[in-house]
There are 2 protein chains.
Amino acid sequence: MAPVSISDITSRLAGLSFQSDKIVEHAAAKTAQEWRDALAGKSQGDLVLTKTLLFKPKTAKTAVPTPVLVIAKEDTETSAAAIGKLLNLKELRVASEDLMKDVMPGVENKDDRDLISLSTPVALRFASGTTSVFLTGPEIKTYLESLQNKQANEVEGTLTNAQIRVVDFASIKKDEVAEKPVGAAVSKEAKEAAAAKKKEGKKEDAYEMAVAYTKEGDFPGWYSDVLIKGDMLDYYDVSGCYILKPWSYSVWQAIQTWFDGEIKKLGVDDCYFPMFVSSARLEREKDHIEGFAPEVAWVTRAGSKDLDEPIAIRPTSETVMYPYYAKWIRSHRDLPLKLNQWNSVVRWEFKNPQPFLRTREFLWQEGHTAFLTEEEAGREVRQILDLYRRVYEDLLAVPVIPGVKSEKEKFAGGYYTTTVEGYIPTTGRGIQGATSHCLGQNFSKMFDITVEDPRNPGQKAHVWQNSWGLSTRSIGVMVMIHGDDQGLVMPPRVAHVQVVVVPVGLTAKLSEEDRKNIYDTCEKVAADLNAVGIRTKADLREGYTPGWKFNDWELRGVPVRLEVGPRDIAAGEVKAIRRHDNNKSQLSMGDLAQAMPKFLDEIHDAMFAKAKKSFDEHLYKIDKWEQVVPALDSKNVLILPWCEAEECEDDIKDRSAKQSTEGQVVDEKAPSAGAKSLCIPFDQDRFGKLEPGTKCIGCGGEAKRWTMFGRSAYPFATDCLNMPAYFGPFSPLN
Amino acid sequence: MAPVSISDITSRLAGLSFQSDKIVEHAAAKTAQEWRDALAGKSQGDLVLTKTLLFKPKTAKTAVPTPVLVIAKEDTETSAAAIGKLLNLKELRVASEDLMKDVMPGVENKDDRDLISLSTPVALRFASGTTSVFLTGPEIKTYLESLQNKQANEVEGTLTNAQIRVVDFASIKKDEVAEKPVGAAVSKEAKEAAAAKKKEGKKEDAYEMAVAYTKEGDFPGWYSDVLIKGDMLDYYDVSGCYILKPWSYSVWQAIQTWFDGEIKKLGVDDCYFPMFVSSARLEREKDHIEGFAPEVAWVTRAGSKDLDEPIAIRPTSETVMYPYYAKWIRSHRDLPLKLNQWNSVVRWEFKNPQPFLRTREFLWQEGHTAFLTEEEAGREVRQILDLYRRVYEDLLAVPVIPGVKSEKEKFAGGYYTTTVEGYIPTTGRGIQGATSHCLGQNFSKMFDITVEDPRNPGQKAHVWQNSWGLSTRSIGVMVMIHGDDQGLVMPPRVAHVQVVVVPVGLTAKLSEEDRKNIYDTCEKVAADLNAVGIRTKADLREGYTPGWKFNDWELRGVPVRLEVGPRDIAAGEVKAIRRHDNNKSQLSMGDLAQAMPKFLDEIHDAMFAKAKKSFDEHLYKIDKWEQVVPALDSKNVLILPWCEAEECEDDIKDRSAKQSTEGQVVDEKAPSAGAKSLCIPFDQDRFGKLEPGTKCIGCGGEAKRWTMFGRSAYPFATDCLNMPAYFGPFSPLN
């Protein structure tokens, strides 16, 4: 990393309300002593020396470590073992300088125990070695947090995913439970795990798998932990990018297979457009470029040669595709044109990334269609939206409410936007599932996509266009809704493994023959089920206890576990345990293959019913303003009589935010989580007749329709509500 | 485009053997006259003024124009109409300055008729407006050609796809046939098309579709023309990128569906790794970076912010994936690890791009697997290779010969490489279909992918790895092998539309009832066939003659055309025309649905047999050196007794190149097309026993095995043989 100049530092600290007089330059200093001398007289008050240590757990060699940055007074005893134990990390070792630079840009770590002289205010040394900035402890914390958030772009390292916690080293040294971050709860297992390490290899693995946070206690911590330990993804050494492992990618493939089949029935063809967009093309539509320009990734160099013109990586494909629509659509006979592509798009967000929900590259499908008439276009918008509803409800067992977006929330540049809206019980927030837009003729006018109008010979008509998108974010929603403290809970229709068969009752006194019989039976059960298309795995791994295997598959959320032991075989049965409710039952071995599909459907239905119930119970219909904020604070989404005026929506958002006390307490990152309109449900009857003359809950004007309002979008923070409107509809974030 | 400095110019002209004294600076000049004055005394001999005109055809609005750059003496009459007619381009209009910059970087075109003063030598003005370089006509041609080739990186425009031809304007003005580029043959239809334009709208379309070149006469011209007019792809405004339209993408999906199903049977799981690679990661393996660094695209900016570290777009995923293999593989119980991904990779090649064969972004699958033993790895290498053989032979009807690569041709860094090799009759060149590599332990040693060896407790063992890849290049091979002068010929199993039903005999005197009956019958036939899974389309478009529809579907290569007319209906039959051999037969309407699958299989078999025959006939087994070059020149690939020594392979290549006269005549871009080893066929018996003591045809040493040699890889030029070895195996180009 290049030396950091004063202006760098100032910009880094910008907005953190530090005065620049806290930045001083001084003679180069390598050791603590040189440092102390160099800073002599430059600090207010005494210099209290501290140490900054960077540890990596054993996994670090794979370049996606969980680095632990420790800043403490020099005299504090900071035992690596104790820290590792506290954080449930394996064999903490002191990290390399490179990693240090990734984790805390600008801050030097010349040698393993590089000292940063610290007092109140504290001096942080930046990489120039001749510049220090005086900060107080809290200000350091703020700076670290700033790296997590708006300056993530300058941190290709892992701090963006990090937690910052205050630790009482005295106490952990004494093996007491360390002070935990707000809301976090290191599980008993996790602590035992650390203790158990090294002694019992197998047990260690088993414990290592345990989810370290409770879903209610620390939802963000739980979410990442479940995804990693449930084997859905792994972190990657480019910030904001994640590896989709087979366990999650197979869910996406299940969605692809089903959805692609359905749109082909509608006459949609798949195609592939290049990932690159020339700057000229991208910048052609000035209105739009403003919206997404800040997040466009630019290729400026190939090999060692600079390109004459930088080339963008598509953030979405309107400007990529529509010029060709103008070329290909030459007659009304070329209509309708219905193309879809399965691809990845890149939006270089500088906000705190989150797996599936906010990633710099994500997978999606984007459909782009053109019709002669508004009627045809409108029909397709609803057909596609219903397919999205079915993806959520029939595949992912996630209930959604279809409706239309308010003018404020619709796709900027579109005509109207339809959406399926979900609900995350843990946070009480709505979450957008997918959107299907009618673009009207706005884009066909921009890109001059016209045909001779068969209805008015000689007249040219601009085509009517739709666009619609569903992304891998759907997987994140699925995890948040069904997962529990034991890990993932996979809906059976998209589960990579639907049924796992585990041999049990393998006692020492079991004869080799009986033992073999059990294993053979497990394999036969698996074979029979696979033969009828049920994805089944027999877990015959040697050297693992049944208990370990139960943990393993529970963590991964396999819907059904079948246990086969001597007694079961004798009775011609298998024991079936359902992951989502831990219900146990005996199934007859004989007709397992016939019975299992129904068994899985029942699980799907039960999971859906449970999620639906919690959505319904928190779908709170009210008509008095006083009820709004309390209802929001008790994790409801609201059904309000509303006038549909944009100013009124803004007003509702402001007032509900100001009056909310939720922000500070529950969601540090959402100090002002106001309610926005989620959608105007198509099914109005569900909420009873809206009597003529009913007043709008916001402005007291005439209410038009029941509208769903709520805290929304990004379950961990509201900042994604500031996403460029252009991205609105396609964004995985709102 | 920034003004061009003298050094820019020098570098542009580097290697073109121009002396820098040909570059002069002078006063800025806008008009021809100012120009003449500015250059007064600076040119050798008289100034012969010329004009440079840039035309765009009507399609240009879609930003992928076919620009026509005309450089001629000023007094030459260059009628846009005549040029358009010659080139079969529609409504040539003078192009914008922007386009000019794309097409001929550095050369100014201040106004529509900007003049470049030309003499012998000629002065070309560069964009600074105050610099000219004196070139002769031939040197201009060389410069233009250089833009096509090694300087393509400086040309984001379309010249990289352009042809350069010398035109006698006098003759085309007189409506004579213009001088054509070597080997090119503007088809009769194409010329009539130009003439027919504007008069007959429908006929114009019909003619527009006709392929403008013959496959034998101008293979490159034929290839692009067939792809565009067959609706497989469209050009794109980023050089080297192409749009895969449904007609080609569906072929890829057919390959995906079949291949993905097969590898899943082998226990391979799909996953998705990010497209980005940190520079640290990419540069970790110095040996490799050297190989592909020149073609890596770098993201250096997001929005308006420069990234601290440039981030690469994956050219292939070894360095992306293997560090995680090291993390995930912690015990031999984690083996085998078998992952595959369907993705796109980017290699910013500066050579002349070609659809499917050399593109800057291409789609592929890359499998990366790890095993405990060499045996397991070796078994998979062959299993995958056989799947590749079946993709080519059973899906694309393209015969291939499986074998192992020579040491020289194997994947650099791998242990050994297996391949399926095809043959392009039109050029007489071999072409690599796909490769399956055993990487041995080379990568596991680089990335430290180890397990405790269950065979030697306490010992750590490096895993054995394979990697294997198949790209969209396979589609290009399919087109080159089966296509003909009428257009594409699609193998039935991957054809987007397998059967098209066209109503015929719709004479004026036909009763409305009979007419409706014909249409209904067409729809019923299509419905019946679709019901049994045969992709069928009834072409009931109004306003097109049957003849126009025949052309349309022939050009797109639909395997079977069914014609339904009054007489057919009366006889309870349909007329079936097979695209590949134009064979006509009557099929009974009654059992069409039962008969059609077999009918399509017969077509597949016939297409395969035809391609196989031509491959076999040109698989030329020889044992005397004198026969080598003549055999190559008569478009054969050779089966030679060979010693398998690398020096000998180089020697064979050099000698066969030097002695060849093929380069100059047939392939301008391949002045020295030597023979390289394509593979050592696994099926040696096919070529008869190699008697002990048989001499190597190259060095006279002891021959080891029959080896297939030939001119290879890139059917239009041999320069792709210089591809970085690292890319070798995965490259769509060799």
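Not measured: the values here are computed from a predicted model.

Engineer: Just checking my understanding: could you explain the overall build of chain A for this structure?
Structural biologist: The number of helices and strands found in chain A is 23 helices and 30 strands. Across the 734 residues that make up chain A, the buried fraction comes to 61%. For chain A, long-range pairs separated by at least 24 residues make up 68% of all intrachain contacts whose partners lie at least 6 apart in sequence. When the accessible surface of chain A is split by element, carbon and sulfur atoms take 51% of a total near 27,600 Å².

Engineer: Explanation requested: the sheet that holds strand β22 (residues 499–503) of chain A in the structure shown.
Structural biologist: In sheet architecture, strand pairing relies on hydrogen bonds along the backbone and comes in two forms, parallel and antiparallel. Residues and elements named next belong to chain A. Strands sit in the order β23-β22-β24-β25-β26 across an open sheet of 5 strands; the sheet is mixed. With partners counted over all chains shown, the strands left at the sheet margins are β23 (536–538) and β26 (584–588), one partner each. Each strand axis lies, on average, 25° off the axis of its neighbour in the sheet, ignoring direction. Across the sheet, helix α17 (residues 512–531) lies against β22, β23, β24 (560–564) and β25 (573–578), angled at about 170° from β22, the strand it touches most.

Engineer: Mind showing me how you'd approach the packing of α17 of chain A against helix α20 (residues 592–617) of chain A here?
Structural biologist: Relative placement of two packed helices is described by the angle separating their axes and the distance separating the axes. All names here are of chain A. Put simply, α17 and α20 touch, their axes get as near as 9 Å, and they point 65° apart. Helix-helix and strand crossings are classified by hand; for α17 and α20 the assignment is right-handed. Of the residues in α20, those in contact with V525, D528 and L529 of α17 are L592, A593 and M596. For the contact of α17 with α20, the residue count by class is 5 nonpolar, no polar and 1 charged.

Engineer: Mind showing me how you'd approach the state of the cysteines here?
Structural biologist: Scanning the model with the defined rule gives 0 disulfides over all chains in all. As a non-bridged cysteine, C648 of chain A has C696 of chain A as the owner of its nearest cysteine sulfur, 3.5 Å distant.

Engineer: Before we go on, may I ask you to explain the relation of the copies chain B and chain A in this structure?
Structural biologist: To go from the first copy of the chain to the second, apply a rotation about an axis and then a shift along the same axis. Note on the identical chains: chain B maps onto chain A by a rotation of 180° and an axial translation of 0.0 Å, with an RMSD of 0.1 Å. Here the two chains are linked by the operation of a two-fold rotation axis. Of the C-alpha atoms belonging to chain B, the one lying closest to the rotation axis is found on V299 of chain B, 2.1 Å away. Here 99% of the contact residues of chain B are again contact residues in chain A; the copies associate through an equivalent surface.

Engineer: Hey, could you run me through the interface of chain B and chain A in this one?
Structural biologist: Many analyses report the size of an interface as the accessible area lost when the parts associate. Facing 75 residues of chain B, the contacting portion of chain A comprises 74 residues. Each partner contributes to the roughly 6,500 Å² buried at the junction of chain B and chain A, and carbon and sulfur atoms together form 56% of this total. Inspection of the chain B/chain A interface yields 4 salt bridges. Its salt-bridge partner being D237 of chain A, residue R281 of chain B comes within 3.7 Å of it at the nearest N-O pair. Our count for the chain B to chain A interface comes out at 33 residue pairs in polar contact (both at pLDDT 80 or more). Here the residues of the side of chain B that touches chain A are counted per class, giving 41 nonpolar, 9 polar and 25 charged.

Engineer: Hey, could you run me through the pairing of β26 of chain A in this one?
Structural biologist: The side chains of a regular strand alternate, first on one face of the sheet and then on the other. Residue and element names in this part refer to chain A. Bridging between β25 and β26 involves 5 bridges; their strand directions are antiparallel. Across the sheet, the residue bridging to A576 is S585, located in β26. The turn linking β25 back onto β26 is made up of 5 residues, and N582 within it adopts a positive phi angle of 60°.

Engineer: Can you help me understand the environment of H580 of chain A in this one?
Structural biologist: Residues and elements named next belong to chain A. Turning to its location among the elements, H580 is positioned in the loop between β25 and β26. Overall, H580 belongs to the buried group, its relative accessible area being 15%. A distance of 3.4 Å separates a polar atom in the side chain of H580 from a polar atom in the side chain of D581.

Engineer: Could you clarify how one ought to interpret the side chain of H482 of chain B in this entry?
Structural biologist: All names here are of chain B. By secondary structure assignment, the location of H482 is in helix α16 (residues 473–482). A polar atom in the side chain of H482 sits 3.1 Å from the backbone oxygen of A397. Excluding its chain neighbours within four sequence positions, the residues that come into contact with H482 are K215, L396, A397, V398, V489, P491, M607 and A611.

Engineer: Got a minute to help me understand the packing of aromatic side chains in this structure?
Structural biologist: Here a ring pair, both rings aromatic, is described through the centre-centre distance and the interplanar angle of the planes. Taken as a whole and judged by the stated rule, the model has 46 aromatic pairs over all chains. Of the aromatic side chains, those joined through ring pairs into one cluster are Y236 of chain A together with F273, Y322, Y324, Y325, W328, F411, F443 and F447 of chain B. Over the aromatic face of Y544 of chain A sits the side chain of R541 of chain A, whose NZ or CZ is 5.2 Å from the ring centroid.

Engineer: Can you help me understand the pattern of salt bridges in this one?
Structural biologist: For side chains of opposite charge, pairing can occur when their charged atoms come near one another. This model, assessed by the stated rule, comprises 78 salt bridges over all chains. Note that K265 of chain A and E262 of chain A form a salt bridge whose closest N and O atoms lie 2.9 Å from each other. Taken together, the residues K265 of chain A and E262 of chain A, both in helix α10 (residues 246–265) and 3 residues apart, mark about one turn of the helix. When the shortest N-O distance is used, the salt bridge between R556 of chain B and D552 of chain B registers 2.3 Å. Residue R556 of chain B and its partner D552 of chain B are located together in helix α18 (residues 546–556), separated by 4 residues, close to a single helical turn. By relative accessible area, D552 of chain B is classed as buried at 3%. One continuous salt-bridge network, built from bridges that share partners, spans D231, K245, D539, R541, K549, D552 and R556 of chain A.

Engineer: So what exactly am I meant to see when it comes to the pairing of strand β13 (residues 305–313) of chain B here?
Structural biologist: Residue and element names in this part refer to chain B. With 3 bridges joining them, strand β11 (residues 276–278) and β13 adopt antiparallel strand pairing. Residue pairing across strands places V277 opposite A312, the latter belonging to β13. Here strand β12 (residues 297–302) folds back onto β13, and the loop between the two strands holds 2 residues, one of which, G303, carries a positive phi near 60°.

What counts, and where the lines are drawn
- Residues numbered from 1 in each chain as written.
- Chains lettered and ligands numbered in written order.
- Predicted model: local features only at pLDDT ≥ 70, side-chain atom pairs only at ≥ 80, totals over all residues.
- Heavy atoms only, no water.
- Helix = DSSP H or I, 4+ residues; strand = E, 2+ residues; numbered from the N terminus.
- Buried < 20%, exposed > 50% of the residue type's maximum accessible area, 1.4 Å probe, protein only.
- Contact = heavy atoms within 4.5 Å.
- Areas by Shrake-Rupley, 256 points an atom, 1.4 Å probe, with all protein chains shown as cover.
- Pairing = 2+ DSSP bridges.
- Axes fitted to C-alpha atoms, helices over the stretch in contact; angles between N-to-C directions.
- Left-handed = near helix turned anticlockwise from the far one by under 90°.
- Nonpolar A, V, L, I, M, F, W, Y, C, P; charged D, E, K, R; others polar.
- Disulfide = S-S within 2.5 Å.
- Least-squares fit on C-alpha atoms with pLDDT ≥ 70 in both.
- Buried area = accessible area lost by both parts, 1.4 Å probe.
- Salt bridge = Lys/Arg side-chain N within 4 Å of Asp/Glu carboxyl O.
- Polar contact = N/O pair within 3.5 Å; in protein donor to acceptor, adjacent residues only side chain to side chain.
- Phe/Tyr/Trp six-rings, centres within 6.5 Å; stacked < 30°, edge-to-face > 60°.
- Lys NZ or Arg CZ within 6 Å of the ring centre and 35° of its normal.

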